[in-house]
Amino acid sequence: MKIPIAHGEGNYFADADVLKAINDNDQVLFRYCDEAGNITAESNPNGSIENIAGICNDARNVFGYMPHPERAADLILANEDGLAIFESILSLVKA
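A few points on the structure. Just so you know, these numbers come straight off a predicted model, no measurement behind them. (Residues numbered from 1 in each chain as written. Predicted model: local features only at pLDDT ≥ 70, side-chain atom pairs only at ≥ 80, totals over all residues. Heavy atoms only, no water.)

**Thoughts on the overall build of the protein chain**
Going by this rule: Where helices and strands are cited, they refer to DSSP runs of H or I of at least four residues and of E of at least two residues respectively, numbered from the N terminus. Only protein chains enter the area calculation, which uses a 1.4 Å probe; residues under 20% of their type maximum are buried, those over 50% are exposed, and those in between are partly exposed. Contacts were defined at the residue level, with two residues in contact if any of their heavy atoms lie within 4.5 Å.
Scanning the protein chain from terminus to terminus reveals two helices and three strands. Tracing the protein chain from N to C terminus, the helices and strands come up as α-β-β-β-α. Along the first, second and third principal axes, the C-alpha atoms of the protein chain reach 40 × 35 × 25 Å. Across the 95 residues that make up the protein chain, the buried fraction comes to 27%. Considering only residue pairs separated by 6 or more positions, the protein chain has 53% of its internal contacts joining residues 24 or more positions apart.

Below, the structure is given as structure tokens:
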């Protein structure tokens, strides 16, 4: 997905225990990566620890996400990649 970002300041950070817990619990949902899906220092726009762009709580019913899918959810914006995130949420609500 190619999703715009708009955070000049701010990034994800946590201590080693929290990082271990969220990684062990598979709570990291998104990481900054390049177009080929490689997670690299160069693809990390804000210095977020472990390139983390989005995480969820341990119940997996709340998530936080730094990029802005609403800025990529319509053809008029020349990008519909973010639409998949909203459609996914709607499909769960409808279920």
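**Observations concerning the packing of aromatic side chains**
The cut-off we apply is this: Centres within 6.5 Å make a pair out of two Phe, Tyr or Trp rings, where for Trp the six-membered ring is used; the pair is then stacked when the planes are under 30 degrees apart, edge-to-face when over 60, and tilted otherwise.
Using the criterion set out here, one finds two aromatic pairs in the structure. With 4.4 Å between their ring centres and 50° between their planes, phenylalanine 30 and tyrosine 65 make a pair best called tilted. Separated by 35 residues along the polypeptide, phenylalanine 30 in strand β1 (residues 28-31) and tyrosine 65 in strand β3 (residues 63-65) bring together distant segments of the chain. Looking at phenylalanine 30, the relative accessible area reads 24%, which means it is partly exposed. Feature note: the residues Phe30, Phe63 and Tyr65 constitute an aromatic cluster, connected by ring pairs.

**Remarks on the sheet that holds β3**
Defined as follows: By definition, two strands form a pair when at least two bridges between them are found by DSSP. Here the axes come from fitting lines to C-alpha atoms, over the contacting stretch only for helices, and the angles between their N-to-C directions go from 0 to 180 degrees.
Spatially, β1-β2-β3 is the arrangement adopted by the three strands of the open sheet, whose pairing is antiparallel. A single partner strand is all that each edge strand has here, and the edge strands are β1 and β3. Across the sheet, the axes of successive neighbouring strands diverge by a mean angle of 15°, strand direction being ignored. Pairing analysis gives three bridges linking β1 to strand β2 (residues 52-56), with the strands arranged antiparallel. Note on β2: the bridge partner recorded for phenylalanine 30 is glycine 54.

**Digging into the nonpolar core**
To keep it simple, the criterion reads: Residues belong to a common nonpolar core when they are buried Ala, Val, Leu, Ile, Met, Phe, Trp, Tyr or Cys residues joined through side-chain atoms within 4.5 Å.
Counting residues in hydrophobic clusters, the biggest one holds six residues: Tyr12, Ala14, Leu19, Ile22, Val28 and Ile52. If sequence neighbours within four positions are ignored, isoleucine 22 has contacts with Tyr12, Gln27, Val28, Ile52 and Ile55.

**Observations concerning unusual backbone geometry**
With glycine set apart, most residues show a phi of negative sign, and most peptide bonds adopt trans. With a phi close to 60°, asparagine 51 is a non-glycine residue in the positive phi region. Tracing the backbone shows asparagine 51 in the loop between β1 and β2. Owing to a relative accessible area of 9%, asparagine 51 belongs among the buried residues under this scheme. One non-glycine residue, alanine 78, lies in positive phi territory at about 65°. Note that alanine 78 resides in the loop between β3 and α2 (83-94).

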